[in-house]
Every structure is written in structure tokens, then in C-alpha cells.
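Fold and geometry: a report
The residues making up each chain are set out below.
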Number of protein chains: 4
Amino acid sequence: MKGTMRAVRKIRLEPGFDLVKVEIPQIQPNEVLVKIAATALCGSDVHFYTWDEFAQKRIKPPVTIGHEFCGEVVEVGNAVREYKLGDYVTADSHIVCGTCDVCKLGLQHICQNLKIFGNDVEGSYAEYIAVPETSLWRLSRDVPTAVGAVMEPLGGATQAVLIEPVTAKSVVIFGDGPIALFGAGVAAAAGARKVYLVGMVASRLEIARRMGANVTFNINDPLDPVKAILEDTHGIGADVVVEMAGAPQSMKNAFAVVRKGGRVTTFGLTPKPIEFDINFAVTLRQVTVRGVAGRHMWDTWKLADGLLASGKLDPRPVITHELPLEEFDKGFKLMTTGARDTGKVILRP
Amino acid sequence: MKGTMRAVRKIRLEPGFDLVKVEIPQIQPNEVLVKIAATALCGSDVHFYTWDEFAQKRIKPPVTIGHEFCGEVVEVGNAVREYKLGDYVTADSHIVCGTCDVCKLGLQHICQNLKIFGNDVEGSYAEYIAVPETSLWRLSRDVPTAVGAVMEPLGGATQAVLIEPVTAKSVVIFGDGPIALFGAGVAAAAGARKVYLVGMVASRLEIARRMGANVTFNINDPLDPVKAILEDTHGIGADVVVEMAGAPQSMKNAFAVVRKGGRVTTFGLTPKPIEFDINFAVTLRQVTVRGVAGRHMWDTWKLADGLLASGKLDPRPVITHELPLEEFDKGFKLMTTGARDTGKVILRP
Amino acid sequence: MKGTMRAVRKIRLEPGFDLVKVEIPQIQPNEVLVKIAATALCGSDVHFYTWDEFAQKRIKPPVTIGHEFCGEVVEVGNAVREYKLGDYVTADSHIVCGTCDVCKLGLQHICQNLKIFGNDVEGSYAEYIAVPETSLWRLSRDVPTAVGAVMEPLGGATQAVLIEPVTAKSVVIFGDGPIALFGAGVAAAAGARKVYLVGMVASRLEIARRMGANVTFNINDPLDPVKAILEDTHGIGADVVVEMAGAPQSMKNAFAVVRKGGRVTTFGLTPKPIEFDINFAVTLRQVTVRGVAGRHMWDTWKLADGLLASGKLDPRPVITHELPLEEFDKGFKLMTTGARDTGKVILRP
Amino acid sequence: MKGTMRAVRKIRLEPGFDLVKVEIPQIQPNEVLVKIAATALCGSDVHFYTWDEFAQKRIKPPVTIGHEFCGEVVEVGNAVREYKLGDYVTADSHIVCGTCDVCKLGLQHICQNLKIFGNDVEGSYAEYIAVPETSLWRLSRDVPTAVGAVMEPLGGATQAVLIEPVTAKSVVIFGDGPIALFGAGVAAAAGARKVYLVGMVASRLEIARRMGANVTFNINDPLDPVKAILEDTHGIGADVVVEMAGAPQSMKNAFAVVRKGGRVTTFGLTPKPIEFDINFAVTLRQVTVRGVAGRHMWDTWKLADGLLASGKLDPRPVITHELPLEEFDKGFKLMTTGARDTGKVILRP
């Protein structure tokens, strides 16, 4: 497709992004062009916005930011097989090679030749994006575009919670960021016995309850969540614990509250190494720890898709703001300056 | 405990049971005495009632019938460790040895020295029953006694549906007997993508929908369920199929509707051997078949317990009749003579 | 690469193949050209040779036959990422799309857009073959070319035997064709408690024992293998049974000899539907049946590769003949006319 | 059985044990009396011998020490079902209740009412021991008594290594104590791609190689095992790592050498909490950690039994000393004072 489009790009080697006119991407034979209906802000994009050390190492401006999106296929490369004009799609943020040793182990999402939209190639804070067929995922028309835009982080939550079954099990989630809130919804939809969520912002705990958490704890309250959950489980502890806060205390609590033979999923990243009594935490109590980063392609997508189709999972309470693309700056300010009530923010190009 | 009690027993070597006075069972050191709050009629008891060939081989009258029940612990043997007076309990219908080779393989429920309440030892159609500690399961006070009485068949449904995860998957259940109806509830509570149930009695299909089935088919209607489900899954077929009808056509349909790489659980018993194109049904399409009879002790109980606690599974719509113990005869007539609308029948001693 | 090469092709619509000169294949950007070191005859190619009904429906001559091979990369397309000149490689016989729904379920080997070398595209009974990178598998130089040529059928055996763990378990294999013989080797290498193989050709049973089978049965002998194995397992039966003969009696025996809670893998294809007492075979004894056709890409390859690297699996006893490409006709005669002693036949271009 | 027997007991509240005459144990109805053929010294018994703080808290003298043994059934309680006079048996060291919540989760080996032979009840450093049927395991007459005596620690090694399949996978074992050496044998017997063992005593590394380790490293040598293994796996790392040394550096190395998506089993106990970069070690590389303490009853026993029956595992190289019961003091001195060459020590009553 010819012509220009609006795009939010990292151009200057300093804080902030710029809304500019650029050429509409020209697709390769194995790609489609997607007209973006909605795109979501991700915590990782905040690094590029504030231009911290991580950002300076990670990307080479100029580049259009953004990797969570959905939209309609408006142009189809001639080597594309399964998609056609008018298809409603989203995509994994990862472009994988499919042929390296890690991909062949079934771990495409940590592919050795990995590229990420809005990092290594042009992203989704724009009117159009070119996407290789191997990264596309078809959406049902029943999925609202606001939901389509957050399928990627919802996939992360799905992977973390469902990496082993949670049906009929007690589940504790540490953290109240958007992925943790999605996680509460996933656990509830999957028929968890009881979903506990431990966070620190009252409005987010309210969202957690709307997502299906049965009990929420605010770490600023005097009640000790570990003690309360142990009591509620007759001293045995929770079957499954998902750590999504990344705080050292939270990581410690995760292992204190899991039962003998239970499972801890680590998803949050701790700011620095932590001291760890691995004997009690893991060995003597036969705990399983499952590290999770990203989403399996494509079985986790299939799970998230199925949960949405079931009608038992609705991620919309987590989406607290929708803005036109032009107000991207407001969006990032919501995510940075004291805006603790912000859940997921969506831009509409 | 001393004294007599009312009990429904098989005494005469002919159709029917008798309500008689017998001694309250004397417990062994490893047993408790349970005062029965509710006991449920099982299809297998119908054989003893009608006194068919199977029944004549299986039991040696006189014996009190019944193996699905719940109640309160009113006497505790001195070798019992984990239960005390006043505990609210149910039991697996199986008394297992725990030491034979099959038990040591983790398959206690098909123990080589298996005894069954109401078959090999005195059963639950009575005011009291003696139960060894190894068969007991503690109930939460939140579980109504009507539900407590059907935990055992609910466990069968749970085992059949959840022997592999169903969260986010499409599930087809063939059959509309009580266990199939429970199964629809289990699949829905576990967050199945969509639950289809294929039956033959309109009132039971109505119960299926109340239990959470999204779509029901009546085989007496012109619409072909296999064709309809294939269409609804874009020609791919269902992820999981649970055969609980035991009819040859139903078994055939089960394999016709499962997707490549999907799972079929066989639970229903066919009246005679069936002809089977195992190449297409299983081998070429990489289908997994899981035979299920009974419930794993105790992981399946833990699952059923967790689903009830989640509030997402309520088996009560399946319970269509509650009668006093004295009306046992009416109960069995409901289950035999044309009473196609009968779900689960409960007796109150 | 320019020039001509020798190739064994199906040209005439009648029995037999022809050795002819053809152009060396021109590679696409995503392909490499492999100089074939060895290529193996497969039972499925016999259909094309005899030109039976299946063959007439399956392929459109002219086409070079053959899909089991290994060799050296002598030309590399410019979109190829992980392979370079001189690499020693083999390939899955399947060319998969990677984007259809079945591929996205992780079942690439039954991809909806599947193409097979020597069936749908030019095959390996030739000096050179063009292979897309997505079908390539790198071999260690420690793997002899005779073994490299049979990695694909060895993968089938690996998939069938190891689809669930066999370490420390008793394993019965029905069949004595090459894949069954490979299967015995896989089970032994994986530390099976005991490997039983049931066949019908004395020389093949001798190969089975060289591959690691502890006990072999010839169905032409008076000793009943089912009875003997049941006796040897104290009446309990075998943990794992792999049916690779496809004979109705063998299928029946498979279910007769598996233990309660055990696993049957079906791999052999029966000539017609069989009558089946699914109650006893599967349901009441809680048997798991796993249909297997082909190899998972790429986890099964990783397993076969690891077994070869362990030094505990050596498939060479199964390779009974090596011939120059010119003698392809002799090879197919060995596989068809009464040559019951033939294992795997390899051609050297 | 009446009469007296020799027994090595903890009597005095100070270092050392005493060999004394005591009454032969009187069995309960659910117990058998075993005439001990061989009993093995365990590292945990060294605590009782040296009478350290742990020991002073753990046991209440007087008590006969010892929990690893085998022998013949010479008396059978009248409630015992599956064992008879003359049976050749060993036992799990654990006496479990079978009815607590943890047992009902299938985790009998960490039962809430756990008792251990030679700790809580009379042990095996004696001529006879009383064993409840629920702790017994039948041995094949093919198993030498020296091997029968070490089935319990061999079970620990089996559990740690085989908690997930290792067939065709690269396995690194850290540690060269008896259980680590058994572990190398288990991994090799199960068809591991390659077994690496990292230890510190040359004679034990020699035993490791006899047990099937392909490569051993001595941490006192200049070669860095982590670097060497990474190099040998083309920079990818090992599929499975089993930490059995309990040293902080070893624990750190375990996570440095495991591949993305791989598995670490923790079995060794660290002397104190360790600092841990859980982001890199677990989360970002999607590692699974499986804590293992003890053996599952009875599936792990079944595995160890099957490996012995396969002929592929022979634990005897690890047994470095056999002594008469009278020389128990020499045995413990071998295990404590500088006897770094000591593997497993067996006493013969």
C-alpha cells in the first residue's frame, strides 16, 4: 500500500517519543499489512519513553514503538498462505526464525534469532504495521478490539498461571500490575478453588476482585497475607503461587505460602539477587518452580483464545484508559507519574 | 453404639429389597460409625433390585445395599487418627488394601482386594454405616448433605473429564445420565472453551444446560451432532470427547468428532464388542484414548472438592428427587419404569 | 548448481521405476542442495513401485521417489540462516507450512498443507535433493551415513515407544518389520525393565535380540506370547505395549497383554476395521491408548539424536542390505518377493 | 518370636553407639518380623553417632539405629495380607499413616504423621526388625542382599534423577556421595545422552565412571566444569541438572549449566541460605526446578526395581565396605575421619 501514516516513534536520543508522518510499511512476500484498530502500552515501552540505560542498549532509533495490537489485514504478500484481506488479527510480539536449536526444542518464544516489534522492527503505535505470517494470530469477531490489543500480555498471564493445571486448586498471585490482574482472571476462569491476590493499590485490588479474585490483600494493611492464607488453608498452604511483583519480600512470601509439593511460578523480575533458603523453600518440601517469560507459540495463545471464547474471562476491567494515538504522551504520563490507578492503556490510531 | 436401626437390605433371592430392623454396626478399631444424612441411588444398585444375572453373581444376601452417602461421625475406633466425633464425612465406595501390587502402582481404586460398600460389606441405605478410616473423606460444612451424598459419582465424572486438563478446550460429552450431567458441570467449571452434550431425553438436556453445557443435542432430532460440532469447530473437531452413554453409535461418534491429536475418554460400557476402524479413529489422527472407571483415591476427590469450593460447580440440578428411606421402592421405580426424567434420587434415613 | 544427475523416478503409469538423467534441482532462497550419501527404501515406496491403487491416487508422475536420506550441504539459498556449506544433514520427510491451525497446535507432522519428499516434491533416490531449511536436521559426524539415512523411520520408532516414558517399564513390541526392530532398540536403550518382541520371521527375531530385545516370540511357534508374558509378569501384564504389526490378532493381543493402567501405542495399520471389546480392553482396566503416526518435529528427533549419542542405540543390525543406486530394482525385489529376511535396504548414489 | 538378639543402639547421651543384647521385637497384627541379611550406614546416622545438635533434637534414646536393610520374613502378623514366611523383602524407611491430608495428596513420603525406622521406632542395626506391611517392598531373589540393603537410598537417587524423564537427555550430577554415584548409574541406565558428574574425590569419580558417567570433573582440577559442559553442548547447556552436593558453589553452578527450558533438581541441602539471581537462573530462561526429598511410595520403588531388573543398573561399585555388625564402630569411623574414599558401608548382623 502506498501513502503515509501517523506513527509514534523514538527519534531523539532523549526522553519522549514523537508523533510523525512516515511511509506506510511495504510488505515482504511472507507478510501482511495490518490496519491497526487498537494498540496497548506496555511497561517495557516506558523504558524507551524515559530513555533509561536499558533502552539505550536495547533499541536503535529511529523506530516506531509498540508491540501489542490488533487490526484488519488490508494487504497480503503473495507467499502468505493462511490469511486473506479483511481477516481480523493480532500477533505475537516475537518474530522467530523457526529453525534455530532453541526453536526446534519447542521454545520459539526464546528463539536465538528473536526480533520484537517496536524494538528491532517497526512497531504498532501507528496506523499500519507489516507482520510476517509466522507471527500472526487470527481473532474471532466476538473479541472486541480493546481485548484484541491486549492478547499478547494476556498470553503472558495465561502462560504463567496455566503452565500447570490450576482447576480446583488454590492459587495465590503476588502483584497487581496488569498482567497480575489478568492472571487472577485466568485462574478464576480455569476453575481455581480460590484465588488470592496480594497487591498494594486499592483500586487495582478492586479490579482484581472484578476479574475473579476471591480474596485480596493490600500489603499496606496490617494483616499478613502469608499468615492469613496459611490459616485459610488449614496450615497447609496454597497449591499454586504465581509471583508477578518482582519484589524481594513478595518472592520470599511466595515460597512461604506454597504447600508441600506445590508449584511456584516466577514471572516478576527482582531488582537484584535475593537471599534464599532453598532447603526449606524448595528441596525439603518438594516444591516445583517454573520460570515463565513470554508465551509459548502457539499453545498458550490457544488457551487464551479458548478462555475468551468460554465467556469466563473478560480482560476489560484491567483496561482503564483508551486514548487517541495523538495522546500517547498522556498515556505514558499515566503509566509513570504517580498514576498508581492506571491499569492497561490503549491507543486508537 | 448399641441398638437397632432401619436398613434397606437385599434378603430374598428375587427382585426387590426389604426395609428391616437390624443391629447398628459394631465398628473395628480402624473404623468410624457414620450417622447417615443422605444416601443416593446408583444405577448399579438397580441390578440388585431387579436381581439380574450380574446381581446374582456379584452379591451374597443378606446385605444392606448402598454406597453413596454422607453423614456425621458418631463413634470413633481407637486406632483412628484423623477423624473425631462430629466430623462431617463422605467416603469412597471402595475399601482398598493399600498393599497389593495394584495399590502400589497408585491404582487403589482398582485394588486387587477391593471391597465395595453395599456389595461386599454392609451399605448405606440405613441409619448408620461403619467405615474404615482409609475410605473416609472429610466434607466442608458448606457442602449441603444432598451434595455430600453424591460425591462418589461426582468423583467419577471428575475423573473422566479432568484426567487431562480441559481448561480452554472444547469438550463433547456423550450421554445424559447423572454422571454425564455432572460431567458437563465439571467441564464448564474448569473453564472449557465450549461444552457440548449429546443425549436423548429433553428434560435431561435441560439439566445439562443448567449445569453449564453451552450446546445440547437430542439424538432424536434430525440435526446430526457430529456434523454440527465439526462445523462449529471449523472442521477441526473437538479437543476432548467423553463417552458416557455406552451406546455403539455414541462410541463411534466420539471418535468421529474428536480432532487430530485430541483425547477421547471412554467411561460408558458398551453392551457388546463394537467394530472399530482403529486406523482412522486413533492411529493416523494421533488420538489419545483414556479409559476411566472409578475415581483415583484421592487426587480426584481433591479436584471435586476444589470445584465445589470454587462455587463454579453445583451438582444439585441433577438431583431430581429426595425421598425418605421408607420410600426406597418408589425411588427404584423412578429409576426403572419409564422414568426417563429421573436424574439422581436421594434417600433420607 | 548446474548439470545433470542420476535419479530413480516414477515415470510410467505401470509397475517399476526408471533410472534416468535429470537436471540437478535448482534451490529456492529458503532451501539448500544436499548431495546424497545414502537413501533408504521405505515400505510406502513399494506401493509406488508396484503401482497399486493407493499409489495411483497418491502421486502424479513423473517424480523422483525417496524420502529417507542423508548427505552434505553443497549449496545454500540466501535466505537460509542456520546451515552452511559442508554441513552433514538429514531431513524430516515432511515439508510443513508452520502456519495452519494444526501446525499451531504443535502437530506439524500432520500439517494441513503437508508435502512429502518423493511423493509431492522431488525425492532422494538421486544424487542431489533440494530441501527447505525448515525440514533440515543437522547430524553429528559421529553418525555413520547408513544411520543418517534411516533417521526418519528411526524417528517413527522413537515416537511410538517414547511418547510416554518407558524407563524401568516392561515393554512388548508386536511386529518385526524395520520400525518394530528399531523400536526394540529404542526401548532397550531407554532402560526398559524388559523388552519382549513378537514377530514371525526367525532372522528378524535374531535382529531384535541384537537390538536389545530380552525375549522374542515367533507366532508360528506353539508358545502363546500373551500367556507367556502374563506369566512372566506375575499375571499383571506389561506396562507398555507397542503395536507395529497391524494384524488383527496382534492388535487383540496388544490389549490382552497390557496391565491395568498401562499404555498401548497403536502404530501399525490394520487392513480393515476390527471388532473390539472396548470395555475390557480400555475402560474397565483404565488403559491409555496413544495413536502414533510419524514423528514430532522436532522433539522426537532430539530424542533419537540423543539415543544415538548415548551409544546405547545402534540401528545398524536392522540394515541388511546396501546397494548402489543402479541396483534399486534389486532392492525393491528384496522387499517384495518372498524376501522375508530383508530388514532395511539402503541405496548409495 | 521369642529370645534375644544383638543390636547397635543409641543409649548414652554422648557420641557413639553400643552393641547390646535386646529382646527380639514383638510384632503387631499388621507387621512382619524381618531377619536382617544386610543393613547400610546412612549419612543421617552419623549425626546420631557424633551426637550433634540435630541428633539431640531428633531422637530419644534408647533406640536401635538403622533404616536401610533387607532380609527374610520370619514371622507374619495375622492382619498381614500380601506377605508370607520366607519372602525376601526390604522396606521404605518411612512409616506413613495413609490418612492425613498430605498422604491423600499422594505425598506419603512427607506424611504429617511420619515415623522413621531407627529414629522414631526400633531400627535395623540388629538381627531382627518389626515392619508394618504398609512399609514393605518385595525383592526379587535376583537382587543380591548387598543391593537389597541400599534400595532406600537408591530410591532417593532414582526419584531425583527420574522425577522427569532423562532418556536421550544430557544430565549433569553435582556431588560424589553415594546417592550422587547411584544417580549417575540411574541416568546412564535410563539412556541419558551423556552423563557428567562433578565431584571432589578421585576414587569416587572412578566409581562414577564405573556407574556409567561419561565425563567426570574434579573441582580441585583447574578445568572449570561449567565452562567445559557448556562448550560440550555447543553453548546451550545441559537438559537436566541434579544438585546432590549441597555446596553453595555447586548450587550456583547447577543453574549456570542448565539450558533454557531445562530442569534442575535440588536434592543436596545447603549449609545456609544462598544468594540467588532468580531472574537469570529461573525466570528468563524458563527453567523448571524440582525439589526432591525422599522417594515416592511406591512409584519410585517400582522404577528402581525395574532398572535393577533391566540389568542396566548395578549399584555395587558404590558399596565399598562390608563389615560384620560388631564392627559398626569401624564403619562409622570410615564415614567420618578423613575416609573420603568411602562409598556405602554395609553391616552384616
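Residues numbered from 1 in each chain as written. Chains lettered and ligands numbered in written order. Predicted model: local features only at pLDDT ≥ 70, side-chain atom pairs only at ≥ 80, totals over all residues. Heavy atoms only, no water.

Once that is clear, we can look at the overall build of chain A. For chain A, the helix and strand inventory stands at 12 helices and 19 strands. Here the C-alpha radius of gyration of chain A, 20 Å, is about what a compact globule of 349 residues would show, namely 20 Å. With the C-alpha coordinates aligned to their principal axes, the bounding extent of chain A is approximately 65 × 40 × 35 Å. In chain A, buried positions account for 61% of the 349 residues. Carbon together with sulfur atoms contributes 52% to the accessible area of chain A, which is approximately 12,700 Å² in total. (Helix = DSSP H or I, 4+ residues; strand = E, 2+ residues; numbered from the N terminus. Rg over C-alpha atoms; globule rule 2.2 N^0.38 Å. Buried < 20%, exposed > 50% of the residue type's maximum accessible area, 1.4 Å probe, protein only. Areas by Shrake-Rupley, 256 points an atom, 1.4 Å probe, with all protein chains shown as cover.)

Residue and element names in this part refer to chain A. Closest axis-to-axis distance for the helix H6 (residues 178–189)/helix H7 (residues 202–211) pair is 8 Å, and the angle between their directions is 20°. Viewed along their axes, H6 and H7 adopt a mutual orientation that is roughly parallel. The two elements H6 and H7 meet at a crossing, and its hand is right-handed. Contact residues: Leu181, Phe182, Ala184, Gly185 and Ala188 in H6; Arg204, Ile207, Ala208 and Met211 in H7. (Axes fitted to C-alpha atoms, helices over the stretch in contact; angles between N-to-C directions. Parallel < 35°, antiparallel > 145°, perpendicular 65-115°, else oblique. Left-handed = near helix turned anticlockwise from the far one by under 90°. Contact = heavy atoms within 4.5 Å.)

Bringing the interface of chain D and chain A into the picture now. Across the contact, 35 residues belong to chain D and 35 residues belong to chain A. Around 3,100 Å² of area is buried between chain D and chain A when both sides are counted, 60% of it from carbon and sulfur atoms. The largest per-residue losses of area from chain D upon contact with chain A belong to Ile278, Thr283 and Gln286 of chain D, which jointly make up 19% of the total buried on that side. The tally of links between chain D and chain A comes to 0 salt bridges. Counting the contacts that link chain D with chain A gives 17 residue pairs in polar contact (both at pLDDT 80 or more). For the side of chain D that touches chain A, the elements supplying multiple residues, two or more each, are strand E15 (258–266), strand E16 (274–276), helix H10 (278–283) and strand E17 (288–291) of chain D. Here the residues of the side of chain D that touches chain A sort into 17 nonpolar, 12 polar and 6 charged. Note: strand E17 (residues 288–291) of chain A against E17 of chain D, 3 bridges, orientation antiparallel. Paired with threonine 288 of chain A across the two strands is arginine 290 of chain D, which belongs to E17 of chain D. (Buried area = accessible area lost by both parts, 1.4 Å probe. Salt bridge = Lys/Arg side-chain N within 4 Å of Asp/Glu carboxyl O. Polar contact = N/O pair within 3.5 Å; in protein donor to acceptor, adjacent residues only side chain to side chain. Nonpolar A, V, L, I, M, F, W, Y, C, P; charged D, E, K, R; others polar. Pairing = 2+ DSSP bridges.)

This next bit is on the domain arrangement of chain A. All names here are of chain A. Domains assigned within chain A are domain 1 (4–150 + 315–348) and domain 2 (157–291). On a C-alpha basis, the centroid separation for the pair domain 1 and domain 2 is 29 Å. Every contact between the two is made by 10 residues of domain 1 and, on the other side, 10 residues of domain 2. The contact between domain 1 and domain 2 buries some 950 Å² in all, and 67% of this surface belongs to carbon and sulfur atoms. Three residues stand out in domain 1 for area buried against domain 2, namely Pro317, Val318 and Arg340, and they jointly supply 58% of the buried area on that side. Run the count over domain 1 and domain 2 and you get 0 salt bridges. Our count for the contact surface shared by domain 1 and domain 2 stands at 2 residue pairs in polar contact (both at pLDDT 80 or more). Of the residues in the side of domain 1 that touches domain 2, the class split is 4 nonpolar, 3 polar and 3 charged. (Domains from an automatic or database assignment.)

Quick look at the interface of chain D and chain C now. The partner chain C presents 18 residues to the 18 residues of chain D that form the contact. A buried area of about 1,400 Å², summed over both sides, lies between chain D and chain C, and 58% of it is on carbon and sulfur atoms. Taken as a group, Thr167, Ala168 and Arg193 of chain D account for 35% of the area that chain D buries against chain C, more than any other trio of residues on that side. Scanning the region where chain D abuts chain C turns up 2 salt bridges. Aspartate 305 of chain D is the salt-bridge partner of arginine 193 of chain C, the closest N and O atoms lying 2.9 Å from each other. Applying the counting criterion to the chain D and chain C interface returns 5 residue pairs in polar contact (both at pLDDT 80 or more). Counting residues per element, the ones that place at least two in the side of chain D that touches chain C are helix H6 (178–189) and helix H11 (299–310) of chain D. Per-element tally for the side of chain D that touches chain C: the top contributor is H11 of chain D, with 7 residues.

The next thing to look at is the sheet that holds E17 of chain D. Taken in spatial order, the 12 strands make up an open sheet running E13(A)-E12(A)-E11(A)-E14(A)-E15(A)-E17(A)-E17(D)-E15(D)-E14(D)-E11(D)-E12(D)-E13(D), and their pairing is mixed. If you trace the sheet from one side to the other, it starts and ends with strand E13 (215–218) of chain A together with strand E13 (215–218) of chain D, each paired once. Averaged over all pairs of adjacent strands, the angle between their axes in this sheet comes to 15°, without regard to strand direction. Packing of H6 of chain D onto the sheet brings it into contact with strand E11 (170–174) and strand E12 (194–199) of chain D, and relative to E12 of chain D it is tilted by some 170°. Helix H7 (residues 202–211) of chain D contacts E12 and E13 of chain D of the sheet and is inclined by roughly 170° relative to E13 of chain D.

Residue and element names in this part refer to chain C. All buried positions along helix H8 (residues 225–232) are accounted for by Pro225, Val226, Ala228 and Ile229. Summarising the axial view, the buried residues of H8 lie within an arc of 165°, below the 170-degree limit, and thus occupy one face. Of the exposed residues in H8, those oriented more than 90 degrees away from the buried face are Lys227 and Glu231. Check the buried side of H8 and you find it contacts strand E11 (170–174), strand E12 (194–199), strand E13 (215–218) and helix H9 (248–257). For H8, the capping residue at the N-terminal end is aspartate 224, with a side-chain oxygen 3.1 Å from the backbone nitrogen of valine 226. Of the residues trailing H8, histidine 234 is marked for its positive phi of about 55°. (Arc of directions from axis to C-beta.)

A separate point is the pairing of E13 of chain A. Every other side chain in a regular strand lies on the same face of the sheet, so the side chains alternate between the two faces. All names here are of chain A. The pairing of strand E12 (residues 194–199) with E13 spans 4 bridges and is parallel. Paired with glycine 199 across the two strands is asparagine 218, which belongs to E13. For the handedness criterion, the β-α-β arrangement of E12, H7 and E13 is classed as right-handed. (Right-handed = clockwise from strand over helix to strand, strands pointing away.)

Screw-axis analysis of chain D against chain A gives a translation of 0.0 Å along the axis, an RMSD of 0.0 Å, and a rotation angle of 180°. Given the turn and translation reported, the copies of this chain are related as if by a two-fold rotation axis. Nearest to the rotation axis, the C-alpha of glutamate 275 of chain D is located 2.1 Å from it, this being the minimum over chain D. Mapped onto chain A, 100% of the interface residues of chain D are again interface residues, and the two copies thus contact each other with one and the same surface. (Least-squares fit on C-alpha atoms with pLDDT ≥ 70 in both.)

Time to look at the pattern of salt bridges. Under the counting rule described, the total for this entry stands at 87 salt bridges over all chains. With a shortest N-O distance of 3.9 Å, glutamate 53 of chain B and lysine 57 of chain B are connected by a salt bridge. With glutamate 53 of chain B and lysine 57 of chain B both in helix H2 (residues 53–58), this residue pair falls 4 residues apart, about one helical turn. In terms of burial, glutamate 53 of chain B and lysine 57 of chain B fall into one category: exposed. In this structure, the salt-bridge partner of arginine 295 of chain D is glutamate 152 of chain D, at a minimum N-O distance of 3.3 Å. Of the two residues, arginine 295 of chain D is situated in the loop between E17 and H11 and glutamate 152 of chain D in helix H5 (residues 151–162); the sequence distance between them amounts to 143 residues. Using a relative accessible area of 4% as the deciding quantity, one classes arginine 295 of chain D as buried. Counted as one network, the salt bridges with shared partners bring together Arg6, Glu127 and Glu326 of chain A.

So, on to the pairing of strand E1 (residues 4–10) of chain C. Residues and elements named next belong to chain C. Where burial is concerned, most of E1 is hidden: 5 out of the 7 residues are buried. Note: E1 against strand E2 (residues 18–23), 6 bridges, orientation antiparallel. In the strand pairing of E2, methionine 5 is matched with valine 22. The pairing of E1 with strand E4 (residues 63–64) spans 2 bridges and is antiparallel. For lysine 10, the partnering residue across the bridge sits in E4 and is valine 63.

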